[in-house]
Structure formats: structure tokens, C-alpha cells
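Working through the structure, step by step
Listed here are the chains, written in short residue letters.
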Amino acid sequence: MTVKVAPSLLSADFGSLREAVKRVEENGADWVHLDVMDGHFVPVITFGPAVVRSLRPHTSLVLDAHLMVDNPEDHLETFARSGSDLITVHAEATRHLDRVLRKIKALGVRAGAALNPATPPEALDYAWPLLDLVLVMSVNPGAGGQAFIPEVLPKIAALAGRIRSRGLPVELQVDGGINADTAPRVIEAGATVLVAGSAVFKTDGGMGLIRAFKLMGGPRRAV
Ligand code: DX5
Ligand code: ZN
């Protein structure tokens, strides 16, 4: 089993997003990670479904919408109609996680739940049948370029254990501070999808990291 890589456009030039998608696709990306921020759940505002709709015709990669927004239930239809393949909501952003996940599935889109660094894995104990993906935040959401929080490693391992023991087809995505040093650690803990923003878009040779991350996943897991 190899890991998938989902470069985050948050660290790309917002004036050339179409070009950024093309570059990550050419460099072996599996998904495109879209960080949607509303200025409430996190202080920053980024972009909404109109941007997803504009990118949709230009790539066949999975469009992975990470909604860092309060009341995500109000935005599910527009994101589904925009061509998002996967919609991830924060467990902390809604009182009704079960209802929100069911609504995403009813819209024909894959559903994910994200956990902030301090949110325990038990938050998802009764939601497993509804989940296609769990996103573990390894920084506090709201900005790219932050340092990886190592305290989340045991949480990644705990969630990987739950997924494995139940035999669930759930991806375990880790997002925040992923680079050549931290990627092997999260893969070791059980991550199956790595999100990387600044490492890919803001370092020399960053595009090459996409294939490097995938190689880290392959051989390690095969032995
Ligand atoms: C943070 C976002 C991340 C961010 C990761 O709120 O959810 O996806 O872009 O950026 P890096 O890889 O720079 O930590
Ligand atoms: Zn993200």
C-alpha cells in the first residue's frame, strides 16, 4: 500500500491556481487539497465553491475540500455542485456531525471528518459507518507554514488502529507541517494521505517531494 499525496493550494499563488493544479498533477499528486476558511471558525478567509467550480474542468484529480467553516451544513450543496469529490467538515464546527455526514453522503460525495489537535479520537467513535476519511490536523487550522505538533502522533496511531481493527475503507489524512522530516513519522503512525502546502509550493524542489512522499509510503509498508 502506498500513501496518497494531496498538495494544498493554500500555499500556491492564488492568481494562478489553474497552473498550480497542472503542476502538482504533472508531479504525481493524487488529490488537490482545497482549504476553505470562513473568517469565523478560523480567522482567515480564503475561497469558496466558485473557485472549486472553476478548477473542476481543468483536472481529473480528486478535489478534496477541507471546510474550516462554522455551520458547514449551510454549504454542503454548493460544494457538492461545484464538483468537490470529497467534503471534510470539522467535528468542532457543528453540533450535528452525524446529520452533516449523512447529508454529504446523500449528495453523492465522499465524506470526511477533521479533528483539531486537541480533539480526541473518541469524537468519531459513533460515526465510523458514515466516514470515507478522517483528517487529523497536525497544526492548528488557519494558516500554512506552521510547525508540526508531535503530540498528534499517538492520535494518528489510535485512529489507524480503529480503522484496521474494524476493517474499514477509511482514509487517514494528516494535514499540517508535513515535510521530508515529518512525513515518515506520520506514515509510520498509519497515515494514508499526506497534505502538504508550504513544503510543496514554497521550498526549492518542493514539487519533487510529491513523488518522494509516495516512495516513503511504498517500501516501508511493504516490509
Ligand atoms: C491549515 C490547512 C493546511 C495547510 C497546510 O489550516 O488546513 O491544509 O495548508 O499547510 P502546510 O503544509 O504549510 O502546513
Ligand atoms: Zn487543510
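Residues numbered from 1 in each chain as written. Chains lettered and ligands numbered in written order. Predicted model: local features only at pLDDT ≥ 70, side-chain atom pairs only at ≥ 80, totals over all residues. Heavy atoms only, no water.

A closer look at the coordination of the zinc ion (ligand 2)
Within the protein, the atoms that donate to the zinc ion (ligand 2) are His33 (NE2), Asp35 (OD), His66 (ND1) and Asp175 (OD), at distances of 2.0 to 2.3 Å. Coordination at the zinc ion (ligand 2) comes from six donor atoms whose angles at the metal span 69 to 169 degrees, giving a geometry best classed as octahedral. One chain supplies every donor for the zinc ion (ligand 2), spaced along it as H-x1-D-x30-H-x108-D. Residue His33 is located in strand 2 (residues 31–37), and its partner Asp175 is located in strand 7 (residues 171–175); the two are separated by 142 residues in the primary sequence. You can call Asp175 buried: its relative accessible area is 8%. (Donors = N, O, S within 2.8 Å, 3.2 Å for Na, K, Ca; no water. Tetrahedral: all angles 85-135°; square planar, octahedral: opposite > 155°, others 65-115°. Helix = DSSP H or I, 4+ residues; strand = E, 2+ residues; numbered from the N terminus. Buried < 20%, exposed > 50% of the residue type's maximum accessible area, 1.4 Å probe, protein only.)

Some points on the packing of aromatic side chains
When we look at a pair of aromatic rings, we describe it by the centre distance and by the angle of the planes. Inspection of every chain in the model, using the stated rule, returns one aromatic pair. Each ring, one from Phe14 and one from Phe47, has its centre 5.7 Å from the other, and the planes form 65 degrees; the classification is edge-to-face. In this pair, Phe14 sits in the loop between strand 1 (4–7) and helix 1 (17–26) while Phe47 sits in the loop between strand 2 and helix 2 (49–55), placing the two residues 33 residues apart along the sequence. Classification of Phe14 as partly exposed rests on a relative accessible area of 40%. The class of Phe47 is buried, set by a relative accessible area of 10%. (Phe/Tyr/Trp six-rings, centres within 6.5 Å; stacked < 30°, edge-to-face > 60°.)

Description of the side chain of Asp35
Within the secondary structure, Asp35 sits in strand 2. Among the polar contacts listed, one links the side chain of Asp35 to the side chain of His33, at a separation of 3.0 Å. In this structure Asp35 touches Ser8, Leu10, Thr46, Phe47, His66, Met68 and Asp175, once residues within four positions along its chain are discounted. (Polar contact = N/O pair within 3.5 Å; in protein donor to acceptor, adjacent residues only side chain to side chain. Contact = heavy atoms within 4.5 Å.)

So, the environment of Pro141
You can see Pro141 is positioned in the loop between strand 6 (133–137) and helix 5 (153–166). Classification of Pro141 as buried rests on a relative accessible area of 16%. For the pair formed by Pro141 and Thr78, sequence separation is 63 residues and the distance between their alpha carbons is 22 Å. Once you skip the residues sitting within four places of it in the chain, Pro141 turns out to touch Phe41, Val42, Met68, His90, Asn116 and Pro117.

Considerations on the site of ligand 1
Looking at ligand 1, there are 20 residues lining it, with Asp35, Gly145, Asp175, Gly197 and Ser198 nearest. One nitrogen or oxygen atom from the side chain of Asp175 is found 2.6 Å from an oxygen atom belonging to ligand 1. With respect to ligand 1, the backbone of Gly197 contributes an N or O atom lying 2.8 Å from an oxygen atom. In the complex, 100% of the free accessible area of ligand 1, which totals 380 Å², lies under the protein chains. Cavity membership is defined here by more than half of the atoms lying within 2 Å of grid points; on that basis ligand 1 lies in the largest pocket. Among the elements that make up the shell around ligand 1, the one with the highest residue count is strand 2 (three residues). Per-class residue counts for the shell around ligand 1 are eight nonpolar, ten polar and two charged. (Near = heavy atom within 4 Å. Areas by Shrake-Rupley, 256 points an atom, 1.4 Å probe, with all protein chains shown as cover. 1 Å grid on protein atoms, 1.4 Å probe; cavity = no way out; pocket = protein on both sides within 12 Å on 5 of 7 lines; lining within 4 Å. Sits in = over half its atoms within 2 Å of the grid points. Nonpolar A, V, L, I, M, F, W, Y, C, P; charged D, E, K, R; others polar.)

Here's the deal with the side chain of His90
Mapping His90 onto the fold places it in strand 4 (residues 86–90). Among the polar contacts made by the side chain of His90, one reaches the side chain of His66 at a distance of 2.9 Å. At 3.4 Å, the side chain of His90 forms a polar contact with the side chain of Asn116. Not counting residues within four places of it along the chain, the set of residues in contact with His90 comprises Phe41, His66, Leu67, Met68, Ala114, Asn116, Met137 and Pro141.

Side note on the layout of surface pockets
A volume near 340 Å³ is recorded for the largest pocket. Lining the largest pocket are 30 residues, and of these Gly144, Gly145, Gly176, Gly177 and Gly197 lie nearest its centre. Where the lining of the largest pocket is concerned, the elements lending two or more residues are strand 2, strand 3 (62–68), strand 8 (193–196) and helix 7 (198–201). Here the lining of the largest pocket is built from residues that sort into 13 nonpolar, 14 polar and three charged. (Points joined across faces, edges and corners; volume = space filled by probe spheres on them.)

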